[in-house]
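# Results of the structural survey
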Amino acid sequence: MAKYLLLKHYRGAPAPVNDVCMDQWTPEEISAHMKYMHDFAARLEKTGEFVDGQALAPEGTWVRYDGEGRPPVTDGPFAETKDLIAGWMVIDVDSYERAVELAGELSAAPGAGGKPIHEWLELRPFLSAQPTITE
Amino acid sequence: MNGALLRSLTPGVLAVLVRRGADFAAAEDAVQDALVEAVRSWPADPPRDAKGWLVTVAWRKFLDARRADTARRRREDLVDQEPEPGPAPAADDTLQLYFLCAHPSLTPSSAVALTLRAVGGLTTRQIARAYLVPEATMAQRISRAKRTVSGVRLDRPGDVATVLRVLYLVFNEGYSGDIDLAAEAIRLTRQLAAVIDHPEVAGLLALMLLHHARRAARTAPDGSLVPLAEQDRTQWDTGAITEGVAILQAALARDRLGEFQAQAAIAALHADAPRAEETDWVQIVEWYDELAGLTGSPVVRLNRAVAVGEADGPRAGLAALAELDESLPRHAAVAAYLHERDGDLTAAARLYAEAAHKAPNLAERDYLTRQAARLNARR
């Protein structure tokens, strides 16, 4: 089994195909979207492939050490222009192919007009020790 | 072996040791040792007085630990020479423990963790799970808190308001996993109310019961938020409401109003309405005025603007809102609601979207996004 981190990019990645701001959807479309994601996580819990997931607040700050005795540098309140990660999920799957399959499925969550939003997901494997063969 | 019995006795035993002068951390170790002893020997030889048995064994364990520590031999002698304490009502011990766990030298998160550990008798693992942090992290937080209060001698009563704030923090954490922190907070506040006669303790207990009574109706089966006006009132726990109202009325009758009593009064007025339209908003505004006078809190005045909007119409609500700083949490959400009621759907939709952007949790974000979408779809 190998763990993968799925990062849900809403900004900073190429624009998704069905790129309509959520407050322009109908309430039913939002509910369908939420239900899809919820059902997806619930199904992975049943298969034992779900590890953890959280939604993130829209504001993030880049911080950098700027030398002894000086306050850290931050990138200031210019949130519109930068990468936005709306949430993350960690899965634990048998193969890379399975991770890609699941990420693709999550990316197909329904959006405006009930059509998939084709959301960009970044798939990052966790570093881990090689399995040791004992016998 | 009755685990619930042991858990209910633990804080009292710990309190006795601390009152006799045992260091907090050492006292806790000794009580843990005594509990292990109890699990081993009680099934074959049940004690007549469970708490007395635990106190005796824990005190002996504490002294043993002291003796083993040669560097502390002198202090041990001093402890030995101290006369046995006279009988004291058990109530005072528990109360002291509450004050110690909510000591002002602790940060709020440390005070919460220590209270759940020492007064609540929860295991470190249970507390860690409830707060979704690793067990080692919580163990560190608790041992740091113990070190902070280890030198504290409680020779005069602590501040009840601090204890109440800690319990309210626990209540507001809600629950996750196997520990329901809201129920735990109610249990502890009930216990506190039994040992101290204070109208604000009663006020907080009433407030918790009245909020908790609505819990089943507050979320839909899919986890989404159901606003107060749309809740299925038949799902409200009428037993908890009746008890909360009775406790509140007894507290109010003593004429020493405090913020928790005022908040409970507002919750009681909501609970009292058979249908949302029958809510007594005029009286609710009056209670918000009291509450604003007691706390000076801008958040209270924000809630008051909502109540004014219901009692005197959305224009009056917006006027009350105009006096408040826009950076307040949920300011945009309140503005959106009042604008919608006033018929300005464009402004309301924009403000709902803005409020969703700032929402502190997922359920609220989804709810506000849906509100924006609903208005945008209608235009």
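About the cut-offs
- Residues numbered from 1 in each chain as written.
- Chains lettered and ligands numbered in written order.
- Predicted model: local features only at pLDDT ≥ 70, side-chain atom pairs only at ≥ 80, totals over all residues.
- Heavy atoms only, no water.
- Salt bridge = Lys/Arg side-chain N within 4 Å of Asp/Glu carboxyl O.
- Helix = DSSP H or I, 4+ residues; strand = E, 2+ residues; numbered from the N terminus.
- Buried < 20%, exposed > 50% of the residue type's maximum accessible area, 1.4 Å probe, protein only.
- Pairing = 2+ DSSP bridges.
- Axes fitted to C-alpha atoms, helices over the stretch in contact; angles between N-to-C directions.
- Parallel < 35°, antiparallel > 145°, perpendicular 65-115°, else oblique.
- Left-handed = near helix turned anticlockwise from the far one by under 90°.
- Contact = heavy atoms within 4.5 Å.
- Nonpolar A, V, L, I, M, F, W, Y, C, P; charged D, E, K, R; others polar.
- Domains from an automatic or database assignment.

### Some points on the pattern of salt bridges
One pass over the full model with this rule turns up 27 salt bridges over all chains. Across the pair B:R67 and B:D64 runs a salt bridge, and its minimum N-O distance is 3.5 Å. Here B:R67 and its partner B:D64 are both found in helix α3 (residues 50-68), three residues apart, which amounts to about one turn of the helix. Given a relative accessible area of 35%, B:R67 falls into the partly exposed group. Here the salt bridges share partners, and the residues they tie into one network are A:E49, A:R98 and A:E101.

### What to know about the pairing of strand β5 (residues 84-93) of chain A
Taken residue by residue, a regular strand's side chains alternate between the two faces of the sheet. Residue and element names in this part refer to chain A. Burial within β5 is extensive, with eight of its ten residues counted as buried. The pairing of strand β2 (residues 50-55) with β5 spans five bridges and is classified as antiparallel. Across the sheet, the residue bridging to Q54 is W88, located in β5.

### A look at the packing of helix α11 (residues 199-212) of chain B against helix α14 (residues 259-272) of chain B
For any two helices packed against each other, one specifies the crossing angle of their axes together with the interaxial distance. Residue and element names in this part refer to chain B. For the pair α11 and α14, the least separation of the axes is 8 Å and the interaxial angle reads 30°. Relative to α14, the element α11 lies roughly parallel. The hand of the α11/α14 crossing is left-handed. On α14, the residues touching P199, E200, G203, L204, A206, L207 and L210 of α11 are E259, F260, Q261, Q263, A264, A267, A268 and A271. Residue composition of the contact of α11 with α14, by class: ten nonpolar, three polar and two charged.

### Regarding unusual backbone geometry
Of note, the phi angle at A:H118 is positive, near 55°, even though the residue is not glycine. Structurally, the position occupied by A:H118 is in the loop between α2 (96-107) and β6 (120-125). Owing to a relative accessible area of 40%, A:H118 belongs among the partly exposed residues under this scheme. Residues other than glycine seldom take positive phi values, yet B:R330 does so here, at roughly 70°. Considering the arrangement of structural elements, one finds B:R330 in the loop between α17 (314-322) and α18 (331-341). Its relative accessible area of 46% is what places B:R330 among the partly exposed residues.

### Section: the domain arrangement of chain B
You can read the domains of chain B as domain 1 (3-77), domain 2 (89-166) and domain 3 (280-378). If you average the C-alpha positions of domain 1 of chain B and of domain 3 of chain B, the two centres end up 53 Å apart.

### As for the sheet that holds β6(A)
All names here are of chain A. With antiparallel pairing, the four strands of this open sheet are ordered in space as β2-β5-β1-β6. Single-partner strands in this sheet number two, and they are β2 and β6. Averaged over all pairs of adjacent strands, the angle between their axes in this sheet comes to 20°, without regard to strand direction. Looking at chain direction, strand β1 (residues 2-11) and β5 are connected through nine bridges and run antiparallel. Its bridge partner lying in β5, K8 is registered against G87.

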